[in-house]
Amino acid sequence: MSCFKTSETISKLKTLIEIPSVTGTENTIAEFIEESLKKCRPNLIYRQPLQDGRFNVVAHFKGGAGPKILIFGHMDTVSAGEGWRRNPFSATIEGDRIYGRGSQDMKAGIAIALSIAENISLDRSKLKGDLVIAFFPDEEAFSAGARKFSLEFPPVDFGIALEPSFGEIVIGAVGKLVLECEVFGRSAHGSEPQKGINSITEASRFISAIDNIKLPSHPHCKAQPFMPLRINGGKDFYSPDVPDYCHFIIGKQTVPGETGDSVLGSLRKLYENLNFASRFEFKIGQPYYPAYRLEENNPILQKLIAAVTTVTGKSPSLSFDDGVSDCNILSDSGIPSVCYGPFGNNMHVADEWVSIEEIEKSGIILQKLLFV
Ligand SMILES: [Zn+2]
């Protein structure tokens, strides 16, 4: 097995940090990643265009008869924000740390994937099975890139998001959904409100009762409550008439096994039990991320655990994430997926950094999994 090239990976990471790619502005970095992958002579490389001109980059490397593995991740970062003591878009190396926006989330993962591709281009015979490398825009917003990929992807047995996973392997996560509710009451003159049905009063009664819904839990995740996020009703100007329409939005995280339909069902049941005078309509809004949990006996997960254990000297814990990512989308589309990647600290805040030692470890572990 050829060794992982840490210093080349670090220099790629510096370049990646120096190409800002805040969500919505990923095309320059996508072109850089595409060019870098092309130089590694993949069997196939293509773009998957999104409607707004952004695109996924997907490369296929043909390997032996081993499992077909996808390594993937996102090209976007959150904005730099305030409070940096270093330039967020110029990589600063201090000891074991590389500072810069996106350094750990997740340009270090991209740099590792590019290094692995380069290694493959030197000797294709070392690849145990087919490898697909895919990078997406928009993960920090709606996962539009992962959603595009989930509609059309090559056959793979397992996916690894090279996201910071803090020494653990993330094998599941909560889901997230938005519930939209419309209330259709009946208007009436303000002098005779008893002739109308006040949609705002009806919505308030519903929202006040929502915590009575019995919430499912999961062995790895406690029950996730409803969270009313917005309510709009009545006219934008003063009017004493009874408001006949109200719209409200409720956010909710979900546990594995809890689906958009099951949550809608529980809302409809509450509506029926409370005898409303007005008609309510419920639907799932955007974004929607289904919860997922990978079976622990998945054979490729077991191989990844073995590779981590050999390289680090200790068996990694398997964890369940309390936030969503592109992994939710890919898992839901049928690709058993985990997050495993290098980490540092200060994700999404000032002075984000990633550890060089962790980059090297992750690179070696992935090559152990992928290479003969
Ligand atoms: Zn991330």
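Residues numbered from 1 in each chain as written. Predicted model: local features only at pLDDT ≥ 70, side-chain atom pairs only at ≥ 80, totals over all residues.

Please set out the overall build of the protein chain residue by residue, giving values where relevant.
A count of helices and strands for the protein chain gives nine helices and 17 strands. Projecting the C-alpha coordinates of the protein chain onto the three principal axes gives extents of approximately 80 × 45 × 35 Å. A buried classification covers 44% of the 372 residues belonging to the protein chain. Long-range pairs, those at least 24 residues apart, make up 79% of the contacts in the protein chain with a sequence separation of at least 6. (Helix = DSSP H or I, 4+ residues; strand = E, 2+ residues; numbered from the N terminus. Buried ≥ 20, exposed ≤ 12 C-beta atoms within 10 Å, placed from the backbone. Contact = placed C-beta atoms within 7 Å.)

Before we move on, can you summarise the nonpolar core with the specific residues and values?
Ranked by size, the top nonpolar core spans 92 residues in total, and within it Ile33, Ile71, Ile110, Ala113, Ile133 and Ala134 carry the most contacts. No other element matches the ten residues that helix H3 (residues 103-122) contributes to this core. Taken domain by domain, this core gets at least three of its residues from each of domain 1 (6-173 + 291-370) and domain 2 (175-284). When neighbours within four sequence positions are excluded, Ile33 is seen to be in contact with Val57, Met75, Ile110 and Phe135. (Core = buried A, V, L, I, M, F, W, Y, C linked by C-beta atoms within 7 Å. Domains from an automatic or database assignment.)

Just give me the short version of the packing of H3 against helix H9 (residues 356-370), but keep the residues and values in it.
Closest axis-to-axis distance for the H3/H9 pair is 10 Å, and the angle between their directions is 45°. The angle between H3 and H9 places the two elements in the oblique class. Where H3 crosses over H9, the handedness of that crossing is right-handed. Facing H3, whose interface residues are Ala108, Ile112, Ser115, Ile116 and Asn119, H9 presents Ile359, Ser362, Gly363, Leu366, Gln367 and Leu370. (Axes fitted to C-alpha atoms, helices over the stretch in contact; angles between N-to-C directions. Parallel < 35°, antiparallel > 145°, perpendicular 65-115°, else oblique. Left-handed = near helix turned anticlockwise from the far one by under 90°.)

Tell me what's going on with the sheet that holds strand S17 (residues 353-355), and back it up with residues and numbers.
The sheet built from four strands is open, its strands ordered S4-S5-S17-S16 with antiparallel pairing. Two strands bound the open sheet, and with one partner strand each, they are strand S4 (92-94) and strand S16 (344-345). One ladder, built from three bridges, connects strand S5 (residues 97-99) with S17; its direction is antiparallel. Paired with Ile98 across the bridge in S17 is Val354. In the packing of H3 onto the sheet, the strands contacted are S5, S16 and S17, and the crossing angle to S17 comes to about 50°. Across the sheet, H9 lies against S5 and S17, angled at about 55° from S17, the strand it touches most. (Pairing = 2+ DSSP bridges.)

Lay out the pairing of strand S9 (residues 175-184) with the relevant residues and their values.
Side-chain alternation along S9 places Gly175, Leu177, Leu179, Cys181 and Val183 on a buried face and Lys176, Val178, Glu180, Glu182 and Phe184 on a face that remains uncovered. Where S9 and strand S11 (residues 245-254) come together, ten bridges link them in antiparallel fashion. Bridge pairing links Leu179 to Ile250 in S11. For S9 and strand S12 (residues 279-284), the ladder comprises six bridges, and the chain directions are antiparallel. Bridge pairing in S12 links Phe184 to Arg279.

So what's going on with helix H7 (residues 299-312)? Which residues, and what values?
At 3.6 residues per turn, the α-helix brings residues three or four places apart onto the same side. Across its 14 residues, H7 extends 20 Å between first and last C-alpha, which sits within 8% of the 20 Å expected from 1.5 Å per residue. Taken residue by residue, H7 has Ile300, Leu301, Leu304, Ile305 and Val308 as its buried positions. In a view along the axis of H7, the buried residues occupy a sector of 145°, so they form one face of it. For H7, the exposed residues lying more than 90 degrees away from the buried face are Pro299, Gln302 and Thr310. Its buried side turned inward, H7 meets strand S3 (66-74), strand S7 (158-161), strand S8 (169-173), strand S15 (337-339) and H9. Just beyond H7, the residue with positive phi is Gly313, at close to 85°. (Expected span 1.5 Å × (residues − 1). Arc of directions from axis to C-beta.)

Could you give an account of the sheet that holds S11, with specific residues and numbers?
Overall, antiparallel pairing links the four strands, which are arranged S10-S11-S9-S12 in an open sheet. The outermost strands of the open sheet, each flanked by one partner alone, are strand S10 (226-233) and S12. The sheet shows a mean angle of 20° between the axes of neighbouring strands, taken without regard to direction. Set on the sheet, helix H5 (residues 199-209) makes contact with S9, S10 and S11; between it and S11 the angle comes to about 20°. Docked against the sheet, helix H6 (residues 260-273) engages S9, S11 and S12, running at close to 170° with respect to S12.

How would you sum up the domain arrangement of the protein chain? Please name residues and give values.
Entries for the protein chain in the domain assignment read domain 1 (6-173 + 291-370) and domain 2 (175-284). The partner domain 2 presents eight residues to the seven residues of domain 1 that form the contact. Counted by class, the side of domain 1 that touches domain 2 contains four nonpolar, two polar and one charged residues. (Nonpolar A, V, L, I, M, F, W, Y, C, P; charged D, E, K, R; others polar.)

Kindly report on H9, identifying the contributing residues and their values.
For H9, with 15 residues, the first-to-last C-alpha span of 21 Å sits near the 21 Å given by 1.5 Å per residue. All of the buried residues along H9 are Ile356, Ile359, Glu360, Ser362, Gly363, Ile365, Leu366, Gln367, Leu369 and Leu370.

Go over the packing of helix H1 (residues 6-17) against H9, please, and point to the residues and values.
It is at 10 Å that the axes of H1 and H9 come closest, and there the two elements cross at 115°. Of the two possible hands of crossing, H1 and H9 adopt the one that is right-handed. Taken together, the residues of H9 that come into contact with H1 (itself represented by Thr6, Thr9 and Ile10) are Ile356, Ile359, Glu360 and Gly363.

How would you summarise the environment of Glu8 if you had to cite specific residues and measurements?
Note on placement: Glu8 falls in helix H1. Glu8 sits 72 residues away from Ala80 along the chain, and the two C-alpha atoms are 25 Å apart.

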